Amino acid sequence: GINAEYGERGKMKDVYIKTSQGEDLVGKVWPGPTVFPDFTNPITINWWNDEIIEFHDQLPFDGIWLDMNEPANFDENGTHGSINGCEDNTINHPPYSALIPLL
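My aim in this report is to walk through the structure given alongside it, one point at a time. Since the structure is predicted, the reported quantities are computational estimates derived from the model, not experimental observations.

With that settled, consider the pattern of salt bridges. All told, the structure shown has five salt bridges when counted by the stated rule. The salt bridge partner of Lys-11 is Asp-24, with a shortest N-O separation of 2.8 Å. Taken together, the positions of Lys-11 in helix α1 (residues 4-13) and Asp-24 in the loop between α1 and β1 (26-29) put the pair 13 residues apart, joining distant regions of the chain. What emerges from the salt-bridge pattern is a single network uniting Lys-11, Asp-14, Lys-18 and Asp-24.

So, on to the nonpolar core. In terms of nonpolar packing, the biggest core is built from five residues, these being Tyr-6, Val-15, Tyr-16, Val-35 and Trp-47. Val-15 has contacts with Gly-10, Phe-36, Pro-37, Asp-38, Ile-43, Thr-44 and Trp-47, leaving out every residue within four places of it along the chain.

Here we come to helix α2 (residues 42-58). Under the 1.5 Å per step criterion, the end-to-end length of α2 is 25 Å for 17 residues, consistent within 8% with the ideal 24 Å. Within α2 the residues assigned to the buried category are Thr-44, Trp-47 and Glu-51. Down the axis of α2, the smallest arc covering the buried residues is 60 degrees, so these residues share one side. In α2, the exposed positions angled more than 90 degrees off the buried face are occupied by Pro-42 and Asp-57. With a side-chain oxygen positioned 2.9 Å from the backbone nitrogen of Ile-43, the residue opening α2 is Asn-41.

Rules behind the numbers
Residues take numbers from 1 onward in each chain, read along the sequence in its written order. In view of the model being predicted, local features appear only for residues whose pLDDT reaches at least 70, and side-chain atom pairs are presented and counted only at 80 or more, with totals across whole chains, interfaces and linings using the full set of residues. Only hydrogens and water are set aside when side-chain values are computed; all heavy atoms of the structure are taken into account. Throughout this description, the term salt bridge denotes a Lys or Arg side-chain nitrogen within 4 Å of a carboxyl oxygen of Asp or Glu. In this description a helix means any DSSP run of H or I spanning at least four residues, a strand means any run of E spanning at least two, and both kinds are numbered starting from the N terminus. Each nonpolar core is a collection of buried residues, namely Ala, Val, Leu, Ile, Met, Phe, Trp, Tyr and Cys, held together in the definition by side-chain atoms within 4.5 Å. The buried label applies to any residue whose accessible area, calculated with a 1.4 Å probe on protein chains only, is under 20% of its type's maximum; exposed applies above 50%, and partly exposed to all values in between. A contact between two residues is defined here by any heavy atoms of the two lying within 4.5 Å. Expected span, for any helix, means 1.5 Å times one less than how many residues it has. Regarding the arc, it is the one traced by the directions from the helix axis to the C-beta atoms. Polar contacts here mean pairs of N or O atoms no more than 3.5 Å apart (in protein, one a potential hydrogen donor and the other a potential acceptor; neighbouring residues in sequence count only if both atoms are side-chain atoms).

Printed below as a string of structure tokens:
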């Protein structure tokens, strides 16, 4: 679901959110399978800044609207968090939860 060149540059810099096994976490959004930048990683912030600069160099703009900038996941198979679901642990499934079921 992302521009291949953009995605490869991110992969080379290792900027995507990882699973507990160290693999890129793959979610599903409207264009299809996608990975998510890990903005808690300072390298990701620099990479993102460089990507915006490169895009601006190709197509000058005054502002930018980031549609789908939240970590969305369109899941139709009953998994949550990624296309493979979330590992069963207390981080992903804490001992406290809402009183209503999550759909």
